[in-house]
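Examining the three-dimensional arrangement
Take a look at the letters that make up each chain.
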Amino acid sequence: MSLDRQPTVIARTVTRAVVPLILLTAIGLLLQGHNLPGGGFIAGVLTVTAFALIYIIYGLDYLETELLDRTTTDSEETESNIIREYAEVFALGLVLAAGSGIAAILLGYPFLTQAVVFVEPLPIYHELEVASALVFDIGVYGVVVGALLTILAVVGEE
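Just so you know, the residues in each chain are numbered from 1, in the order the chain's sequence is written. For this predicted model, a pLDDT threshold of at least 70 governs which residues receive local features, and a threshold of 80 or more governs which side-chain atom pairs are given and counted, while totals over whole chains, interfaces and linings are taken from all residues. As a rule here, side-chain values cover all heavy atoms of the structure and leave hydrogens and water aside.

The name given to the chain in an unreviewed UniProt entry is Sodium:proton antiporter, with Haloarcula onubensis as the source organism. On record in UniProt, under Subcellular location (unreviewed entry), the comment for the chain is "Cell membrane". UniProt positions are given in the numbering used here, feature names are shortened, and annotations may be inferred rather than shown by experiment.

Below is the structure:
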């Protein structure tokens, strides 16, 4: 963190308290997306919101050294590496989303047909519903997170 940019104690405290809550909400919305409103898109937007808050309060250097446990040598190289990694998340999400639809076609069903498997008996939940739409939602999540974080990092360079 540079010396000319010191966040207030209140901003740091609120960020430390709010970011885990935002990420837990995002995970909850991602997992319920095939049954209730929510899913990959809104979970991705919430995840990017948490990252944006970290960027604003602590900066990219904090994200690299403290959260990702990397050593930063050249800030220009770091920014291009992280943008490349965001692009990889985008590409993986796109492959998952499209692959979930293509898998249905390969099995003889229409594109993006949903299948459901019930896993039981489980100790705490008794029964767990696993839908193929979850794979699509995870793919959309990756696309949204990768695209928005790329935009955030590129705009942040300016």
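Next up on the list: a nonpolar patch on the surface. On the surface, a cluster of nonpolar side chains totalling about 580 Å² of accessible area is made up of I102, I105, L106, F111, L112 and F136. Strands are runs of DSSP state E lasting at least 2 residues, helices are runs of H or I lasting at least 4, and numbering of each runs from the N terminus. Looking at the nonpolar patch element by element, the count peaks at three residues for helix α4 (residues 75–106). As for its position among the elements, L112 is in the loop between α4 and β1 (116–122). Nonpolar side chains (Val, Leu, Ile, Met, Phe, Trp, Tyr) are joined into patches within 5 Å and like charges within 9 Å, using only residues with over 30% relative accessible area and no salt bridge. Using a 1.4 Å probe, the Shrake-Rupley method yields the accessible areas, and only the shown protein chains count as cover for residues. The term salt bridge refers to a side-chain nitrogen of Lys or Arg lying within 4 Å of a carboxyl oxygen of Asp or Glu.

A few words on the pairing of strand β2 (residues 126–131). For β1 and β2, the ladder comprises five bridges, and the chain directions are antiparallel. From the neighbouring strand, V116 faces β2, where its bridge partner is A131. Any two strands with at least two DSSP-identified bridges between them are counted as paired.

Next up on the list: the confidence of the model for the chain. For every residue, the pLDDT score states the predictor's confidence, bounded by 0 at the bottom and 100 at the top. With 90% of its residues at a pLDDT of 70 or more, the chain shows a mean pLDDT of 84. Of all secondary-structure elements in the chain, the lowest mean pLDDT belongs to helix α3 (residues 60–67), at 73, while helix α2 (residues 40–58) reaches the highest, 93.

This paragraph deals with helix α1 (residues 9–32). Along an α-helix, a turn takes 3.6 residues, which lines up residues three or four apart on a common side. Expected span of a helix, by definition, is 1.5 Å for each gap between consecutive residues, and there is one gap fewer than residues. The end-to-end C-alpha separation of α1 is 35 Å, in line with the 34 Å expected for 24 residues at 1.5 Å each. What the bend at a residue measures is the angle between two axes, fitted to the seven residues ending there and to the seven starting there. The sharpest bend along α1 comes to roughly 25 degrees, located at V18, with the proline P20 sitting one to four residues further on. Note on contacts: a residue pair qualifies if any of its non-hydrogen atoms lie within 4.5 Å across the two residues. Considering only its buried residues, α1 is in contact with α2 and α5 (133–157).

Right, let's talk about unusual backbone geometry for a bit. Look at the link from E120 to P121: it is a cis peptide, with omega at -15 degrees. Its place among the elements puts P121 in strand β1. Even without being a glycine, L112 presents a positive backbone phi close to 60 degrees. Whether a residue is buried, partly exposed or exposed follows from its accessible area with a 1.4 Å probe, protein chains only, as a fraction of its type maximum: under 20%, in between, or over 50%, in that order. Take L112: its relative accessible area is 38%, and that puts it in the partly exposed class.

Time to look at the side chain of T15. Relative to the elements of secondary structure, T15 occurs in helix α1. Two N or O atoms count as a polar contact when they lie within 3.5 Å, although within protein this holds only if one can serve as hydrogen donor and the other as acceptor, and sequence-adjacent residues are included solely when both atoms are side-chain atoms. A polar contact is formed between the side chain of T15 and the backbone oxygen of A11, at a distance of 2.7 Å. Setting aside anything within four residues of it in sequence, one finds T15 in contact with P20, L53, I54, I57 and Y58.

Attention shifts here to the nonpolar core. Within the largest apolar cluster, 15 residues are counted, with the highest numbers of intra-cluster contacts made by I54, Y55, L63, I82, Y86 and L149. Sorting the residues of this core by element identifies α1, α2, α4 and α5 as the ones contributing at least two each. Residue contributions to this core peak at six residues, all from α2. Among residues more than four places away in sequence, those in contact with L149 are V48, F51 and Y86. For this analysis, a nonpolar core means a set of buried residues of the types Ala, Val, Leu, Ile, Met, Phe, Trp, Tyr and Cys, connected via side-chain atoms within 4.5 Å.

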